[in-house]
Structure formats: structure tokens, C-alpha cells
Amino acid sequence: TFVQLRVSLVQTACGKKAPRRQNCRTLENRRKPACLACYKFDHGDVPKVLDKYQNCGPSHHLAVKEIKHRDEAECRAVEEAGKSSDALYLPGMYAFSKGLPA
């Protein structure tokens, strides 16, 4: 099972231990990070995380496009975790050496 979450966060005026967090007002002109998390679980009786990726970054940053491309590539790699390794070639998976003449 593959799960991908996108969350946009915003700073509020309430403290972390405030009893009524649902009534907090948001602070303008503050950080608003965008977060991406990807998880891959196996199908066993006890679910196990095969791979995961988590990243939070500023949504106003100049390099947002590059960060987004990297995040998407990382999530694709997480999604492929646990699939058959027969069809997948990884560099260094095979090594060959030339034999000496007889």
C-alpha cells in the first residue's frame, strides 16, 4: 500500500499547550511550509513500513520547482519499494571480471 500526503502548515497565535487550539487565529506574513510525506507498507499481518520519505520546505522559496521535482522523484522511488527485483537493474548489481588466459 502506497500513501502520499501533502500538508500546508501555517503559524498561529496559540501556544503548543493551548487548551482550545481550534479557535487560534493565523499569523499573517509568517512561514507557511509545505510538507510532503510518502510511505510504502507491505501486505503482511503486521503492517511494516518498507520505505518512506518526508520533507517540509518553505512554500515561497525560489527553488520550489526544483524541490517539487526532487520530492516527486523520491516518492516514486518509495512507491517502487518492495516490488519484484527481477525487472529492476541497479548499478553495481552485477559484477563481471575478465578471466586470465589459460
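Now for a quick tour of the structure.

Parameters and conventions
- Residues numbered from 1 in each chain as written.
- Predicted model: local features only at pLDDT ≥ 70, side-chain atom pairs only at ≥ 80, totals over all residues.
- Heavy atoms only, no water.
- Helix = DSSP H or I, 4+ residues; strand = E, 2+ residues; numbered from the N terminus.
- Buried < 20%, exposed > 50% of the residue type's maximum accessible area, 1.4 Å probe, protein only.
- Lys, Arg positive; Asp, Glu negative; His and termini not counted.
- Salt bridge = Lys/Arg side-chain N within 4 Å of Asp/Glu carboxyl O.
- Contact = heavy atoms within 4.5 Å.
- Disulfide = S-S within 2.5 Å.

## Overview of unusual backbone geometry
- Even without glycine at this site, asparagine 29 takes up a positive phi of about 55 degrees.
- Turning to its location among the elements, asparagine 29 is positioned in the loop between β1 (2-8) and β2 (33-41).

## Some thoughts on the side chain of lysine 40
- Examined against the element boundaries, lysine 40 turns out to sit in strand β2.
- The buried charged residue lysine 40 lacks any salt bridge, with glutamate 79 as its nearest oppositely charged partner at 6.7 Å.
- With residues up to four places along the chain from it excluded, the contact list for lysine 40 reads Thr1, Phe2, Lys48, Val49, Leu50, Asp51, Val78, Glu79, Ala81 and Lys83.

## Overview of the state of the cysteines
- Under the criterion given, the structure shown has three disulfides.
- Here cysteine 14 engages in a disulfide with cysteine 24; their sulfurs sit 2.0 Å apart. Since a negative S-S torsion denotes a left-handed disulfide, the cysteine 14-cysteine 24 link at about -115 degrees is left-handed. Here the residue cysteine 14 occupies a position in the loop between β1 and β2, and cysteine 24 occupies one in the loop between β1 and β2, the gap between them amounting to ten residues.
- Since its relative accessible area comes to 27%, cysteine 14 is described here as partly exposed.
- Assigning the bonded cysteines of the protein consecutive numbers by sequence position, one obtains the connectivity 1-2, 3-5, 4-6.

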